[in-house]
Amino acid sequence: MRAFPDLVLASTKLRAFPDFLRNQSTLGNLDLSNNKLQGEVPNWILSLKSLNSLDLSGNSLVTLEAPLPNSTSALSSLDLHSNKLQGIHSSYSFLQLDHLGLASNKLTTFPDFLRNQSHLIKLDLSDNQIQGQIPNWIWIFDSLQEVNLSCNSLESLEAPLLNSTYVLSVVDLHSNQLQGHFPLFLRSSYLDYSRNNFSSSIPTDIGDFIFTRSYLSLSSNNFHGAIPKSICNASGKVLDLSNNSLSENIPQCLTQLHQLSVIDLKRNNLSGTIPDNFLNGCELQTLDLSNNKIQGQFPKSLVNCSKLEVLNIGNNNITDTFPCFLMSLSTLRFLILRSNKFYGSIGCPKTNGTWPVLQIIDLAHNNFSGDMPGRLSLTWQAMVSNEDDSPTNLGFSYQECINSEPTNRACYRYNGETDTDVYYRVAITTNIKGLELDVVKILTIFTLIDYSSNKFNGSIPEEIGELKSLYVLNLSGNAFTGNIPSPFGKMRQLESLDLSKNHLSGQIPPEFANLTFLAFLDLSNNELVGKIPTSTQISTFPNTSFEGNKGLWGPPLTVDAVLPPPISNGNSSHPTLQEKTKNVMNRIPHKKSKFLA
């Protein structure tokens, strides 16, 4: 029988453990992942003489067969994630593992054999059904570096032994039911306590428990009170305190941390102003202060953050003009200023910079006025198609987060002090299809312009039609006049178009027939005239997409008559109100939207 030092039989549709493996005396690494193995893991496979690494993930295994008397094992890495295991008997304490993966099983308690582990470096029990208390013995292993207990039903942490403090590289406890006071006995470069039920204030000395270049997430709890200044002592990389009840001002020191990549404080009750003291060489990539009570002016020193990609200060009370100085930031992808008190023109005639990778610009619900600049938008290369009319894929550094949650998500990573890849999810709130939605998975080709509910006037620039990679355009609730530009028919990726509540006139351009991906259309409450184009997708939208235009007629607003429109005083007129009695509400199926499900 041939000997194998390493053997990979992953994704081969195996339904049973191959019997020839019993005789493999030199086998070091065995991969049987993503097969159709069911039932028990045979005890002999865990006791193969030289086996160092065993991967049984992605099967339907339920239990481990009881070990043979006086069993020994050379195994150091065991991966059983994504099975149906309900427990592991304490008699398996003879295993001395470095790495143990039990994520995505059906465990309801901490496996008892873990108590006797002395070499464990990485432990993953995430996405199970473990309830109750996290025992303090879980932290005492001298070699332990990474612990992931996320996505369970854990409610509390047992107090440490003799007021000990435990130092690890990664502690991930997100998406449990942890409550009470914040635990101050775990020091780590990666601390994730998000999506729990903590309801205390953040400890004033929390900065002493965070390493330099660290990741700290306390989001989606009920922390209240002020953000402690000690949090600035750590000089971390990611700080996520979003979705809490934090109040008072943003600490002045927070915007002076040049190593921070992410500051996410959205959905709190923060007040005061944004500190205007961002330093030269600022490393900030994401700043999200949306949905607070922040006032004052826009911080001009933010221009020092030359790597800024995501800026979201929406839903505050900031009063200022359009931040033209940000045009020098060529890295900017998301600019969200919605629902503030910005005013004046958005034209930046004295600025030479462009936003070549801009994906989302949301200025809705402000007091911006004047013309809508057209030439400026042509520099937004992310919204301009390739020569073959295919959408522009910018190839951003966003990755799928494969090691934090079972679901894929759009995010970017940074490499921390311990060489651990750390992923941060980008999430924004925007208006799509007439609804305010939280958009969590931002794809690299998703693009949006929202200038709705302002005081823009004049005609809509024809240059907008050149944005052939644009998916969402909302210009509703302004004072635009003139015709709908016929080049809009070039925007063949467009899925949502809202031009309602303006003073647009003329006919609906027949070029709209080219918008085959259009899933939402609202042209209501304008001054449009003529017949709604038939034999196109446009006529299949409901009447609410066209109402409030006295000069429009034809399905779905009215039923076409066999005869021409009636003659009155020698002139042709539009159908009368009596003729507008039958709604054509049935819509033909549209092509499936990439984003607007």
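For the structure given in this document, a descriptive report is provided here. Just so it is clear, the model here is predicted, and its values are computed rather than measured.

Examining the state of the cysteines
Here is step 1 of the chain: Taken as a whole, this structure holds three disulfides when the rule is applied.
Here is step 2 of the chain: With a sulfur-sulfur separation of 2.1 Å, Cys232 is cross-linked through a disulfide to Cys253. The chirality of the disulfide connecting Cys232 with Cys253 is right-handed, given an S-S dihedral of about 70°. With Cys232 in the loop between strand E17 (224-225) and strand E18 (238-240) and Cys253 in the loop between strand E19 (245-249) and strand E20 (262-264), this residue pair connects regions lying 21 residues apart in the sequence.
Here is step 3 of the chain: You can call Cys232 buried: its relative accessible area is 8%.
Here is step 4 of the chain: Exposure remark for Cys253: the relative accessible area of 21% places this residue in the partly exposed category.
Here is step 5 of the chain: Here Cys282 is linked by a disulfide to Cys305, with a sulfur-sulfur distance of 2.2 Å. On the S-S bond that ties Cys282 to Cys305, the torsion sits near 90°, and the link is right-handed. Remark: Cys305 occurs in the loop between strand E22 (286-288) and strand E23 (310-312) and Cys282 occurs in the loop between strand E21 (269-271) and E22; sequence separation between them is 23 residues.
Here is step 6 of the chain: On the basis of relative accessibility, which here comes to 5%, the residue Cys282 falls in the buried class.

Looking at the environment of Glu495
Here is step 1 of the chain: Its place among the elements puts Glu495 in the loop between strand E36 (479-483) and strand E37 (496-498).
Here is step 2 of the chain: Taking the C-alpha atoms as reference points, Glu495 and Phe520, 25 residues apart in sequence, are found 6.4 Å from one another.

Quick notes on unusual backbone geometry
Here is step 1 of the chain: A cis amide bond links Pro555 with the next residue in sequence, Pro556, at an omega value of 10°.
Here is step 2 of the chain: Relative to the assigned elements, Pro556 resides in the loop between strand E41 (551-553) and strand E42 (567-568).
Here is step 3 of the chain: Positive phi outside glycine occurs at Arg267, with the angle close to 55°.
Here is step 4 of the chain: Inspection of the secondary structure assignment puts Arg267 in the loop between E20 and E21.

Things to note about the sheet that holds E21
Here is step 1 of the chain: Spatial strand order, E17-E19-E21: three strands in an open sheet with parallel pairing. The open sheet is flanked by E17 and E21, the only strands paired with a single partner.
Here is step 2 of the chain: Bridging between E19 and E21 involves three bridges; their strand directions are parallel. If you follow Ser247 over to E21, its bridge partner there is Asn269.

With respect to the packing of aromatic side chains
Here is step 1 of the chain: Enumeration over the complete set of coordinates arrives at 17 aromatic pairs.
Here is step 2 of the chain: Between Phe456 and Phe480 the ring centres are 6.3 Å apart and the planes differ by 10°, which places this aromatic pair in the stacked class. Here Phe456 is found in strand E34 (residues 455-459), whereas its partner Phe480 is found in strand E36, with 24 residues between them in sequence. Taken individually, Phe456 and Phe480 each receive the classification buried, so the pair is uniform in this respect.
Here is step 3 of the chain: These aromatic residues form a ring-pair network of at least three members: Phe298, Phe322, Phe325, Phe342, Trp355, Phe368, Trp380, Tyr451, Phe456 and Phe480.

A look at the nonpolar core
Here is step 1 of the chain: Core analysis: the largest hydrophobic core is formed by 140 residues, its most contacted members being Ile45 and Trp139.
Here is step 2 of the chain: Those elements that provide at least two residues to this core are strand E5 (60-64), strand E11 (153-157), strand E12 (166-172), strand E14 (186-192) and strand E16 (210-217).
Here is step 3 of the chain: The element best represented in this core is E12, accounting for three residues.
Here is step 4 of the chain: If we ignore the near neighbours within four places in the chain, the residues touching Trp139 are Ile134, Leu144, Val147, Leu157, Tyr166, Leu168, Val171, Leu173, Phe185 and Leu186.
Here is step 5 of the chain: Counting residues in hydrophobic clusters, the runner-up holds eight residues, among them Ile336, Ile360, Phe446 and Leu448.

Some words on the pattern of salt bridges
Here is step 1 of the chain: Applying the stated rule across the entire model yields 10 salt bridges.
Here is step 2 of the chain: Residue Asp112 is joined to Arg115 by a salt bridge in which the shortest nitrogen-to-oxygen separation is 3.2 Å.
Here is step 3 of the chain: Relative accessible area serves as the criterion here: at 42%, Asp112 is assigned to the partly exposed category.
Here is step 4 of the chain: Judged by relative accessible area, Arg115 falls into the partly exposed class, the value being 48%.
Here is step 5 of the chain: Across the pair Lys122 and Glu146 runs a salt bridge, and its minimum N-O distance is 3.9 Å. Of this pair, Lys122 sits in strand E8 (residues 122-124) while Glu146 sits in strand E10 (residues 146-148), placing them 24 residues apart in sequence.

Quick look at the environment of Asn291
Here is step 1 of the chain: The residue Asn291 is located in the loop between E22 and E23 in this model.
Here is step 2 of the chain: Residue classification places Asn291 among the partly exposed positions, given a relative accessible area of 26%.
Here is step 3 of the chain: Sequence separation of Asn291 and Ile313 is 22 residues, and the distance between their C-alpha atoms is 7.6 Å.
Here is step 4 of the chain: Apart from the residues lying within four places of it in its own chain, the contact partners of Asn291 are Arg267, Asn268, Gly314, Asn315 and Asn316.

What counts as what
- Along each chain, residues carry numbers from 1 onward, in the same order as the chain's sequence is written.
- It should be noted that, the model being predicted, local features are given only for residues of pLDDT at least 70 and side-chain atom pairs only at 80 or more, the latter also being counted only at that level, while totals for whole chains, interfaces and linings use all residues.
- To obtain the side-chain values, all non-hydrogen atoms of the structure were included, while hydrogens and water were left out.
- Our working definition of a disulfide is a cysteine sulfur pair at a distance within 2.5 Å.
- For helices the rule is a DSSP run of H or I covering at least 4 residues; for strands it is a run of E covering at least 2, with both sets numbered from the N terminus onward.
- Exposure classes here rest on a 1.4 Å probe applied to the protein chains alone. A residue is buried below 20% of its type maximum, exposed above 50%, and partly exposed in between.
- For two strands to pair, DSSP has to find at least two bridges joining them.
- Ring pairs shown here join Phe, Tyr and Trp side chains whose ring centres sit within 6.5 Å, with only the six-membered ring taken for Trp; geometry is labelled stacked below 30 degrees between planes, edge-to-face above 60, and tilted in between.
- Only buried residues count toward a nonpolar core, which is a set of Ala, Val, Leu, Ile, Met, Phe, Trp, Tyr and Cys residues joined through side-chain atoms within 4.5 Å.
- A contact between two residues is defined here by any heavy atoms of the two lying within 4.5 Å.
- Any Lys or Arg side-chain nitrogen found within 4 Å of a carboxyl oxygen on Asp or Glu counts as a salt bridge.

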